[in-house]
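Inside the fold
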Amino acid sequence: GAVVSQHPSRVICKSGTSVKIECRSLDFQATTMFWYRQFPKQSLMLMATSNEGSKATYEQGVEKDKFLINHASLTLSTLTVTSAHPEDSSFYICSAVTGLAGGSTDTQYFGPGTRLTVL
Amino acid sequence: AQSVTQPDIHITVSEGASLELRCNYSYGATPYLFWYVQSPGQGLQLLLKYFSGDTLVQGIKGFEAEFKRSQSSFNLRKPSVHWSDAAEYFCAVAPSGGYNKLIFGAGTRLAVHP
């Protein structure tokens, strides 16, 4: 099946620094990728939708200047947490779809997640 | 607003016992429905999905789910649980015919006793 990887799997950084998380579709081209945030013992919350070659669409309440998303190719999307603070500590998960239209029938393939800890 | 409710935060069953994980949704129309499983160190894996048609859906790993429109439910079932089924299970909905934006429930953590 389709595989999505994330790098790094775990990162610890100091408050005020920026952290970049990569999401790659390994064996398929992903026209659309999604970024989620998962708090401990809670559900996944969609942060933004990333389309290759265009600006990301952010969900309400998500600061686009803090969470920079770039989808430069059909196999790579990056999430940069800028000027990270302890409240940004969380589990960040990406997913990718193979469908051309990004419709609801397209299966989302999820990465294993990245644990961010901001000291 | 659209929402997904998984009433059971944590469930423990004995290996070999049957399992039912509950999911209720609130949505204006019939959405697309999904069940995912999350294991440590692995990405969420799709167990099954419902778009239309037969309301009893078969998935991978011996799981099935039944869509009941009258109850706005999409409960996940397995007749005989294996120790390897211990994981976090998420129910999710997406707008039918719309863009692929999944709304997840809070999840149910399944523990399996030997």
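Note: the structure precedes this text.
Residues numbered from 1 in each chain as written. Chains lettered and ligands numbered in written order. Predicted model: local features only at pLDDT ≥ 70, side-chain atom pairs only at ≥ 80, totals over all residues. Heavy atoms only, no water.

A word on the interface of chain B and chain A
Interface size is commonly expressed as the accessible surface area that is lost when the partners come together. Counting residues at the interface gives 22 residues for chain B, matched by 26 residues for chain A. Here chain B and chain A share an interface that buries about 1,700 Å² over both sides, 52% of which is from carbon and sulfur atoms. Connecting chain B to chain A are 1 salt bridge. Elements represented by at least two residues in the side of chain B that touches chain A include exactly β5 (32–38), β6 (45–50) and β10 (87–94) of chain B. (Contact = heavy atoms within 4.5 Å. Buried area = accessible area lost by both parts, 1.4 Å probe. Salt bridge = Lys/Arg side-chain N within 4 Å of Asp/Glu carboxyl O. Helix = DSSP H or I, 4+ residues; strand = E, 2+ residues; numbered from the N terminus.)

A look at the environment of Phe67 of chain A
Residues and elements named next belong to chain A. Here Phe67 lies in strand β7 (residues 67–73). Sequence separation of Phe67 and Val81 is 14 residues, and the distance between their C-alpha atoms is 4.9 Å. Once residues lying within four places of it in the same chain are set aside, the contact partners of Phe67 are Arg37, Met47, Tyr58, Val62, Leu79, Thr80, Val81, Asp88 and Tyr92.

Considerations on the side chain of Asn75 of chain B
All names here are of chain B. Secondary-structure assignment places Asn75 in strand β9 (residues 73–78). Side-chain polar atoms of Asn75 contact the side chain of Glu20, separated by 3.4 Å. Here Asn75 is in contact with Glu20, Leu21, Arg22, Cys23, Trp35, Glu64, Ala65 and Glu66, once residues within four sequence places are set aside. (Polar contact = N/O pair within 3.5 Å; in protein donor to acceptor, adjacent residues only side chain to side chain.)

Side note on the packing of aromatic side chains
Evaluation of the coordinates by the stated rule reveals 15 aromatic pairs over all chains. Look at Phe34 of chain B and Phe51 of chain B: their rings are 5.9 Å apart centre to centre, the planes differ by 70 degrees, and that puts the pair in the edge-to-face class. Placement of Phe34 of chain B in strand β5 and of Phe51 of chain B in the loop between β6 and β7 (56–58) is noted, with a sequence separation of 17 residues between them. Taken together, Tyr36 and Phe110 of chain A together with Tyr32, Phe34, Tyr36, Phe51, Phe90 and Phe104 of chain B form an aromatic cluster joined through their ring pairs. (Phe/Tyr/Trp six-rings, centres within 6.5 Å; stacked < 30°, edge-to-face > 60°.)

Comments concerning the pattern of salt bridges
Residue and element names in this part refer to chain B. Tallied over the entire structure, the rule returns 8 salt bridges over all chains. Between Lys78 and Asp85 there is a salt bridge whose closest N-O contact spans 2.8 Å. Of the residues examined, Lys78 reaches a relative accessible area of 10% and is grouped as buried. Residue class for Asp85 comes out buried when judged on its relative accessible area of 4%. Ionic contacts of the salt-bridge type, sharing partners, join the residues Glu64, Glu66 and Arg77 into one network. (Buried < 20%, exposed > 50% of the residue type's maximum accessible area, 1.4 Å probe, protein only.)

Quick notes on the pairing of β10 of chain B
Residue and element names in this part refer to chain B. Within β10, 8 of the 8 residues are buried, which leaves it mostly tucked inside the rest of the structure. Of the pairings in the sheet, the one linking β10 to strand β12 (residues 108–113) comprises 3 bridges and is antiparallel in character. By the bridge assignment, Ala87 is partnered in β12 with Leu110. With 2 bridges connecting them, β10 and strand β11 (residues 103–104) associate as antiparallel partners. Its bridge partner lying in β11, Ala92 is registered against Phe104. (Pairing = 2+ DSSP bridges.)

Structural notes on the sheet that holds β7 of chain A
All names here are of chain A. Strand order in the open sheet formed by 4 strands is β1-β3-β8-β7, with antiparallel pairing between adjacent strands. Only two strands of the sheet have a single neighbouring strand rather than two, namely β1 (4–7) and β7. The average undirected angle you get between the axes of adjacent strands in this sheet is 15 degrees. (Axes fitted to C-alpha atoms, helices over the stretch in contact; angles between N-to-C directions.)

Focus on the layout of surface pockets
Its volume calculated, the largest pocket comes out at about 610 Å³. Together, 23 residues line the largest pocket, and Gln38, Phe91 and Arg115 of chain A together with Gln38 and Arg109 of chain B are the ones closest to its centre. Residues belonging to the lining of the largest pocket are distributed by class as follows: 8 nonpolar, 10 polar and 5 charged. When its volume is computed, the second largest pocket comes out at roughly 300 Å³. In this structure, the second largest pocket is lined by 14 residues; those nearest its centre are Met45, Leu46 and Glu59 of chain A together with Leu102 and Ile103 of chain B. Elements that contribute at least two residues to the lining of the second largest pocket include exactly β5 (44–51) of chain A together with β11 of chain B. The element that contributes the greatest number of residues to the lining of the second largest pocket is β5 of chain A, accounting for 3 residues. Along the lines of polarity and charge, the residues of the lining of the second largest pocket split into 9 nonpolar, 3 polar and 2 charged. (1 Å grid on protein atoms, 1.4 Å probe; cavity = no way out; pocket = protein on both sides within 12 Å on 5 of 7 lines; lining within 4 Å. Points joined across faces, edges and corners; volume = space filled by probe spheres on them. Nonpolar A, V, L, I, M, F, W, Y, C, P; charged D, E, K, R; others polar.)

Focus on the pairing of strand β11 (residues 114–118) of chain A
Residues and elements named next belong to chain A. Where burial is concerned, the two faces of β11 differ: the one with Thr114, Leu116 and Val118 is buried and the one with Arg115 and Thr117 is not. Two strands pair when backbone bridges link them, and strand β2 (residues 10–13) and β11 are joined in this way by 4 bridges, in the parallel orientation. When the bridges of β11 are listed, Ile12 appears paired with Thr117. Here 3 bridges tie strand β9 (residues 90–97) to β11, and the two strands are oriented antiparallel to one another. Bridging from a neighbouring strand, Ser90 pairs with Leu116 of β11.

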